[in-house]
Amino acid sequence: MRKRNVLFLCTGNSARSQMGEGLLRRAAGDRFEIYSAGLEPKGMNPFTVQVMDEIGIDVRSQWSKSVKEYMGRIFFHYVITVCGDADESCPQALWANGGIKLHFPFDDPAALVGTDEEKLALFRRVRDEIDARLQRW
């Protein structure tokens, strides 16, 4: 049976979508081909790498990429937006012709202005929320 393609989409592709990609790959990589992208990629946030390492998921082979890299090249069975901006601006062509768009909104940990401890706490919370939401899905 052929794997279904899943795309996690957010604005910067630096945290939430990267976490989603790593978490779903661990949970169901045998059933899905998993990708992530951003509307305006910003590069992988180092806190993303750190909090994913804490749960045994190495995302260092992932990189921040533009959704344009996939337009017209890959059909996505599922497009999962993880922020309001991506939900509103997601190109319909990504899931047209039979795909499904889902919206799982999460706070943006990369936007927090605070101490490293505060940032890590938010990154961990968002990581755990994404994991719990994917488990329910």
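Read on for a plain summary of the structure. (Residues numbered from 1 in each chain as written. Predicted model: local features only at pLDDT ≥ 70, side-chain atom pairs only at ≥ 80, totals over all residues. Heavy atoms only, no water.)

1. Description of helix H1 (residues 16-28)
When the terminal C-alpha atoms of H1 are compared, their 18 Å separation across 13 residues agrees well with the 18 Å that a helix rising 1.5 Å per residue should span. Counted residue by residue, H1 has ten buried out of 13 residues, so it is predominantly covered. For H1, the full list of buried residues reads Arg 16, Ser 17, Gln 18, Met 19, Gly 20, Glu 21, Gly 22, Leu 23, Leu 24 and Ala 28. Residues of H1 that are buried in the fold lie against strand E1 (4-10), strand E2 (32-38), helix H2 (46-53) and helix H4 (116-136). (Helix = DSSP H or I, 4+ residues; strand = E, 2+ residues; numbered from the N terminus. Expected span 1.5 Å × (residues − 1). Buried < 20%, exposed > 50% of the residue type's maximum accessible area, 1.4 Å probe, protein only. Contact = heavy atoms within 4.5 Å.)

2. Regarding H2
Phe 47, Thr 48, Val 49, Val 51 and Met 52 are the residues of H2 that are buried. Of the surrounding elements, those touching the buried residues of H2 are H1 and H4. The opening residue of H2, the one whose side-chain oxygen lies 2.8 Å from the backbone nitrogen of Phe 47, is Asn 45. (Polar contact = N/O pair within 3.5 Å; in protein donor to acceptor, adjacent residues only side chain to side chain.)

3. Here's the deal with the pattern of salt bridges
The tally for this structure, following the rule as stated, stands at eleven salt bridges. With its nearest N and O atoms 3.7 Å apart, the salt bridge here joins Lys 3 to Glu 33. Of this pair, Lys 3 sits in the segment before E1 while Glu 33 sits in strand E2, and the two are 30 residues apart along the sequence. We classify Lys 3 as partly exposed; its relative accessible area is 31%. Each of Glu 54, Arg 124, Arg 127 and Asp 128 takes part in one network of salt bridges that share partners. (Salt bridge = Lys/Arg side-chain N within 4 Å of Asp/Glu carboxyl O.)

4. Thoughts on the packing of aromatic side chains
For the structure on display, the rule yields seven aromatic pairs. Ring centres of Tyr 35 and Tyr 70 lie 5.4 Å apart, and the angle between their planes is 70 degrees; on these two criteria the pair is classed as edge-to-face. Of this pair, Tyr 35 sits in strand E2 while Tyr 70 sits in the loop between H2 and strand E3 (78-81); the two residues are 35 residues apart in sequence, bridging distant segments of the chain. Residue Tyr 70 is classed as buried on the basis of its relative accessible area of 8%. Every member of this aromatic cluster is reached through a ring pair, and the members are Phe 32, Tyr 78 and Trp 137. Residue placement shows Lys 65 over the ring face of Trp 63; its charged tip is 4.9 Å from the ring centre. (Phe/Tyr/Trp six-rings, centres within 6.5 Å; stacked < 30°, edge-to-face > 60°. Lys NZ or Arg CZ within 6 Å of the ring centre and 35° of its normal.)

5. A word on the sheet that holds E3
One open sheet holds the four strands; their spatial order is E2-E1-E3-E4, and the pairing between them is parallel. Strand pairing shows two members of the sheet lacking a second neighbour, E2 and strand E4 (100-103), which therefore form its edges. Neighbour-to-neighbour, the strand axes of the sheet open up by a mean angle of 20 degrees, direction not taken into account. H1 contacts E1 and E2 of the sheet and is inclined by roughly 175 degrees relative to E2. (Pairing = 2+ DSSP bridges. Axes fitted to C-alpha atoms, helices over the stretch in contact; angles between N-to-C directions.)

6. Overview of the nonpolar core
Formed by 40 residues in total, the largest nonpolar core has its most connected members in Leu 7, Phe 8, Leu 9, Met 19, Leu 24 and Leu 94. Going through the elements one at a time, E1, H1, E2, H2, E3 and H4 are the ones with two or more residues in this core. Leaving out residues up to four positions away in the same chain, Leu 7 has contacts with Tyr 35, Ser 36, Ala 37, Val 67, Tyr 70, Phe 76, Tyr 78, Val 79, Ile 80 and Leu 94. (Core = buried A, V, L, I, M, F, W, Y, C linked by side-chain atoms within 4.5 Å.)

7. Side note on the environment of Ile 74
Tracing the backbone shows Ile 74 in the loop between H2 and E3. Setting aside its immediate chain neighbours within four residues, Ile 74 contacts Asn 5 and Tyr 35.

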